[in-house]
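# Coordinate inspection notes
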Amino acid sequence: MPSAPPRHSIAGASVQPRQQYDQWRGSAASRGYDRRWQKCRRAFLAAHPLCLFCYEQGRLTPANEVDHILTIKERPDLRLDWSNLRPLCKPCHSARTARDQRGSPAG
């Protein structure tokens with residue numbers, strides 16, 4: 001029967017790196033992903049059920065994430081504006097986010 005992989009810890013580390021990152025980053029609501037966002041997101045995905053990037057490559061993949069074209073940090077006024085949103089699948093959204101964060105000084 002398979003067992004869990006071994007876990008390693010750094011001596012003297014009281015807070016894990018992920019926890020430190022989450023504390024620095026703040027809550028989802030504090031970053032603009034509140035109830036109004038959840039309602040907007042649900043409506044947008046209902047109206048746009050396919051991943052835009054996959055569709056452009058001839059694949060029909062369900063969208064399960066909504067991407068801000070201009071980030072909330074860049075343009076908080078466009079947070080709920082559908083013209084600043086695009087429907088993406090998880091892999092496409094993760095790849096896009098990783099590309100963007102590599103290019104930013106804080107990311």
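Residues numbered from 1 in each chain as written. Predicted model: local features only at pLDDT ≥ 70, side-chain atom pairs only at ≥ 80, totals over all residues. Heavy atoms only, no water.

Under the annotation held in an unreviewed UniProt entry, the protein carries the name Putative HNH nuclease YajD and is attributed to Gluconacetobacter entanii. As stated in UniProt under Sequence similarities (unreviewed entry), the record for the protein gives "Belongs to the HNH nuclease family." (UniProt positions renumbered as here; feature names shortened; annotations may be inferred.)

## Side note on the environment of His-48
Mapped onto the fold, His-48 is located in the loop between helix H2 (35-47) and helix H3 (52-56). Judged by relative accessible area, His-48 falls into the partly exposed class, the value being 30%. Along the backbone, His-48 and Pro-62 are 14 residues apart, and their C-alpha atoms lie at a distance of 9.1 Å. Ignoring any residue separated from it by four or fewer positions in sequence, one finds His-48 in contact with Ala-63, Trp-82 and Pro-87. (Helix = DSSP H or I, 4+ residues; strand = E, 2+ residues; numbered from the N terminus. Buried < 20%, exposed > 50% of the residue type's maximum accessible area, 1.4 Å probe, protein only. Contact = heavy atoms within 4.5 Å.)

## Notes on the pattern of salt bridges
One pass over the structure, following the stated rule, counts 6 salt bridges. For the salt bridge of Arg-79 with Asp-34, the shortest nitrogen-to-oxygen distance reads 2.9 Å. Of this pair, Arg-79 sits in the loop between strand S1 (65-68) and strand S2 (85-88) while Asp-34 sits in the loop between helix H1 (17-25) and H2, and the two are 45 residues apart along the sequence. Residue classification places Arg-79 among the buried residues on the basis of a relative accessible area of 12%. With a relative accessible area of 27%, Asp-34 lands in the partly exposed category. When the shortest N-O distance is used, the salt bridge between Arg-86 and Asp-67 registers 2.7 Å. Here Arg-86, found in strand S2, pairs with Asp-67, found in strand S1; they are 19 residues apart in sequence, far enough to count as distant. Take Asp-67: its relative accessible area is 2%, and that puts it in the buried class. Residues joined by salt bridges that share partners form a network here, namely Asp-67, Arg-86, Arg-96 and Asp-100. (Salt bridge = Lys/Arg side-chain N within 4 Å of Asp/Glu carboxyl O.)

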